[in-house]
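Examining the three-dimensional arrangement
Spelled out, the chains give:
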Amino acid sequence: MKKISLLAMAALAIMSISCNKPGPEGGDDQEPEVVYDGTFTTLTLSPSSSSVEMMVLTGTPDGKFAAGSNFISGNPAVWDVENKDVVEIANILGDSFGMNLAGTIVGQGRDANAGDDSFNNYAFMGKGTAGKFLYYNPDVVEQSYEDWDGSIYTYTVAVEDGSAAYSINEEGNLIAGFYYNGYSPLPCIWKAPFTSESDRITLPVPSSESIGFNVDGAEVRWMSADASVLCGFVIDDTASWPLVIWNRQADGSYVVDPVCKAFFHPFEWDPETPVNAPYMMFHPCGISANGEWVALTVQEYSEEFDVAEVAARFNLKTKELVICENGDFEPGSISDDGTVVGSTKQSMWDPKPVHSYVWKAGEKSAVDVAEMLGADVLDVFAETKMCYIAPDNSCAFGYGIDDSFNTTSFILK
């Protein structure tokens, strides 16, 4: 069934700057190195038909593949850009959120052959046309309740209410995400071969006492290419999902760093309560492949509710936080030099025109992608959403919805 609600967009860009690389004898006879600064010039659409509407959510650094789902079938899918083809994971219904250069995708879904007997969605990995679920506890427990007439009804529920895989390292032997064991999500990693209880490791969660506000679980959503840095958020009472980082140690374990502690204070209904941080939203939206930059949505602390949420970037090494001067958009992805792509947020309470932006490294403000591309290139869509930028800014992926509510993906170069 087709979408009724349109989504917002973001975009990216790429421009070549030549710099000569010395030859073996110190000469200039080698091919010049190409450096991309985040300026786009071309748009290429994904294959589209009555049975295929590709909605990409991530891509590969070389721009050869993008992953997401086929909106028509509901199957996780991969767009092969060079071969102009879309390949689906046939045995799973769901979405793919992460992908590596080898073409392995990870995401969340359910058994396509289970029919109405399967309600919970679980983490999966796949390649080509087949996928498999990562380890989860398959046990069920009985629960009962008493009806108004005194009758007792018994039913079964899953011990684990679901899980999701959001990212995979380039080596392909580690996947990050979370699972539900009860009400709260628990951050975790799965290690190859991903199928036994010992392959899933629960990551540490900051305590409410240590972080300074109530914490009810956490999720991992992104990772650096080598999986040395994991990025996610803790679940707070105000659903603002503030930033935390997990850093890998020499023994392979991870230590949690509550980065948000120095910046975030949840909204206080009691005006007498001291506020000790500048932001009431400090929500991560992605991490660069080199593990240095995090894209964020931040909101200055205020006793009012009309303070704008704006795009920002944070350097994990220098601890520098930079706010975009015209950042009234939500980041979608961030590259190795800190270039951010994103799109206007939309809601029924705050309708805005849809714009996509690229916020280049070192710049104070973002550039509208429609103006960057020019010639009404984006007019084929009513709304668009940018989802991925390559680590070197060489390409970016997104998807759009036209006036007839058809979904098509695209790559910008």
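Nothing here was measured: the structure is a model prediction, and the numbers come from that model.

Criteria and thresholds
- Residues numbered from 1 in each chain as written.
- Predicted model: local features only at pLDDT ≥ 70, side-chain atom pairs only at ≥ 80, totals over all residues.
- Heavy atoms only, no water.
- Helix = DSSP H or I, 4+ residues; strand = E, 2+ residues; numbered from the N terminus.
- Buried < 20%, exposed > 50% of the residue type's maximum accessible area, 1.4 Å probe, protein only.
- Pairing = 2+ DSSP bridges.
- Axes fitted to C-alpha atoms, helices over the stretch in contact; angles between N-to-C directions.
- Core = buried A, V, L, I, M, F, W, Y, C linked by side-chain atoms within 4.5 Å.
- Contact = heavy atoms within 4.5 Å.
- Salt bridge = Lys/Arg side-chain N within 4 Å of Asp/Glu carboxyl O.
- Phe/Tyr/Trp six-rings, centres within 6.5 Å; stacked < 30°, edge-to-face > 60°.
- 1 Å grid on protein atoms, 1.4 Å probe; cavity = no way out; pocket = protein on both sides within 12 Å on 5 of 7 lines; lining within 4 Å.
- Points joined across faces, edges and corners; volume = space filled by probe spheres on them.
- Nonpolar A, V, L, I, M, F, W, Y, C, P; charged D, E, K, R; others polar.

Let's talk about the side chain of Lys360
Considering the arrangement of structural elements, one finds Lys360 in the loop between strand E28 (356-359) and strand E29 (367-368). The class for Lys360 is buried, based on a relative accessible area of 18%.

Focus: the sheet that holds strand E11 (residues 130-133)
Strand order in the open sheet formed by four strands is E8-E9-E10-E11, and the pairing between neighbours is antiparallel. Strand pairing shows two members of the sheet lacking a second neighbour, strand E8 (92-99) and E11, which therefore form its edges. Between one strand axis and the next, the sheet turns through 35° on average, direction left out of account. Two strands pair when backbone bridges link them, and strand E9 (residues 105-111) and strand E10 (residues 122-127) are joined in this way by five bridges, in the antiparallel orientation.

Side note on the nonpolar core
In terms of nonpolar packing, the biggest core is built from 35 residues, with Leu230, Trp246 and Phe282 touching the most fellow members. Counting only elements with at least two residues in this core, the list comes to strand E15 (174-180), strand E18 (218-223), strand E19 (229-234), strand E20 (243-248), strand E21 (254-257), strand E22 (279-287), strand E23 (293-300) and strand E24 (310-315). What Phe282 contacts, discounting residues up to four positions off in sequence, is Trp241, Pro242, Leu243, Cys260, Phe263, Phe264, Leu296, Thr297, Val298 and Leu321.

Comments concerning the pairing of strand E31 (residues 396-401)
Taken across its six residues, E31 has six buried, putting it largely inside the fold. Burial along E31 is two-sided: the face carrying Ala396, Gly398 and Gly400 and the face carrying Phe397, Tyr399 and Ile401 are both buried. The hairpin formed by strand E30 (residues 383-389) and E31 contains six residues between the paired strands, and Asn393 there has a positive phi angle of roughly 70°. Pairing between E31 and strand E32 (residues 407-412): six bridges, direction antiparallel.

With respect to the pattern of salt bridges
Taken as a whole and judged by the stated rule, the model has three salt bridges. Where Lys360 meets Asp37, a salt bridge forms, and the shortest distance between an N and an O atom there is 3.7 Å. Of this pair, Lys360 sits in the loop between E28 and E29 while Asp37 sits in the loop between strand E2 (33-36) and strand E3 (43-45), placing them 323 residues apart in sequence. Two residues, Glu219 and Arg221, come together in a salt bridge whose shortest N-O distance is 2.9 Å. Here the two residues Glu219 and Arg221 agree in accessibility, since each one is buried.

Focus on the packing of aromatic side chains
Scanning the model with the defined rule gives 15 aromatic pairs in all. Ring geometry for Phe178 versus Tyr180: centroids 6.0 Å apart, planes at 80°, classification edge-to-face. Residue Phe178 is classed as buried on the basis of its relative accessible area, which comes to 5%. With relative accessibility at 26%, the residue Tyr180 sits in the partly exposed group.

Here's the deal with the layout of surface pockets
By volume, the largest pocket is sized at about 950 Å³. Contributing to the lining of the largest pocket are 37 residues, with Leu57, Phe97, Trp222, Gly332 and Cys387 lying nearest its centre. Breaking the lining of the largest pocket down by element, the ones donating at least two residues are strand E4 (54-59), E8, strand E14 (162-168), E18, E22, strand E26 (330-334) and E30. For the lining of the largest pocket, the class distribution of residues is 22 nonpolar, eleven polar and four charged.

Points about the sheet that holds strand E6 (residues 76-80)
The strand order across the open sheet formed by four strands is E4-E5-E6-E7, and the pairing between neighbours is antiparallel. On the outer flanks of this sheet lie E4 and strand E7 (85-88), each paired with one strand and no other. This sheet shows a mean twist of 35° between the axes of neighbouring strands, independent of strand direction.

Some thoughts on the environment of Gly338
In this structure, Gly338 sits in the loop between E26 and strand E27 (340-343). Separated by 51 residues in the primary sequence, Gly338 and Ile287 have C-alpha atoms spaced 9.2 Å apart. If near-sequence neighbours (up to four positions away) are discounted, Gly338 is found in contact with Trp293, Arg313 and Trp359.

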